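Next come the chains, spelled out residue by residue.
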Amino acid sequence: MTRRVFITGTTRGLGKALAEHYLAKGDVVMGCGRSPATIEHERYSHYLADVTEDRAVADVFARIRTDHDGLDVLINNAGIASMNAFALTPPASMRKVIDTNLLGPMILTHGGLRLLKRSAAGRIVNISTVAVPLRLEGEAVYAASKSAVEAFTRILAREVGPFRITCNAVGPSLIPTRLTEGLPADKISRLLNLQAVRRQAHPADVCHVIDFFLRPESDLITGQVVYLGGFA
């Protein structure tokens, strides 16, 4: 069955990899970002939007309703990090991280629920991070925003369950992307040593977890957060 999958932040990194993964599976994929599309495919549609702007998000869902007559999967991937000591983080940077990482998924989910309710098996997947359980120094604002996403995931799962919609989250461990390319080698080594499986994650690892959440047989799997890597 061809699914209609909407993924935020698809111009690069994990979001782009997710979009390409579901295109390869034969799905119709919609993406959005503040930059033009970096994917060309007959089953891919791209919408320019800032996920923190509710009017722009409403316009995107109006176009999805017109262009695709519905939605089956929403993957809230778009996010930013501020890896710095809390005392050195300007309030403006804090606000930007929280707006993008927390309010963004909330606004997107709020806008998409009407379409997801019409799906036979609606799915919402939020992207969190292992920085939440690891309580890493220098990531207080980032981890706090993602911790709130996890609480949002668990509570929303209870609210949307009666509509046959599941809501889950996946917390990737370190993935080589633009978000992490500035990390020094010694910090990467320390992070990997905290894991039970001591290797960096790849987008395919995230895809495997999301594939499980999206399966029709996973209709009882909701309100869950799955972290990659394990912790020694």
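Just so it is clear, the model here is predicted, and its values are computed rather than measured. (Residues numbered from 1 in each chain as written. Predicted model: local features only at pLDDT ≥ 70, side-chain atom pairs only at ≥ 80, totals over all residues. Heavy atoms only, no water.)

(A) The side chain of serine 45, seen in detail. Tracing the chain through its elements places serine 45 in strand β3 (residues 44-48). Only 3.2 Å separates the side chain of serine 45 from the side chain of histidine 68, close enough to count as a polar contact. Excluding anything up to four places from it in sequence, serine 45 contacts Val29, Met30, Gly31 and His68. (Helix = DSSP H or I, 4+ residues; strand = E, 2+ residues; numbered from the N terminus. Polar contact = N/O pair within 3.5 Å; in protein donor to acceptor, adjacent residues only side chain to side chain. Contact = heavy atoms within 4.5 Å.)

(B) Structural view of the pairing of strand β5 (residues 123-127). In terms of burial, β5 is largely enclosed, as 5 of its 5 residues are buried. What you see with β5 is no split at all: Arg123, Val125 and Ile127 on one side and Ile124 and Asn126 on the other are buried throughout. Across 4 bridges, the pairing between strand β4 (residues 73-76) and β5 is parallel. Opposite asparagine 76, over in β5, you have asparagine 126 as the bridge partner. (Buried < 20%, exposed > 50% of the residue type's maximum accessible area, 1.4 Å probe, protein only. Pairing = 2+ DSSP bridges.)

(C) Looking closely at the pattern of salt bridges. Enumeration according to the criterion identifies 6 salt bridges in this entry. Residue arginine 199 pairs with aspartate 205 through a salt bridge whose shortest N-O separation is 3.0 Å. Judged by its relative accessible area of 41%, arginine 199 falls in the partly exposed class. Classification of aspartate 205 as buried rests on a relative accessible area of 17%. (Salt bridge = Lys/Arg side-chain N within 4 Å of Asp/Glu carboxyl O.)

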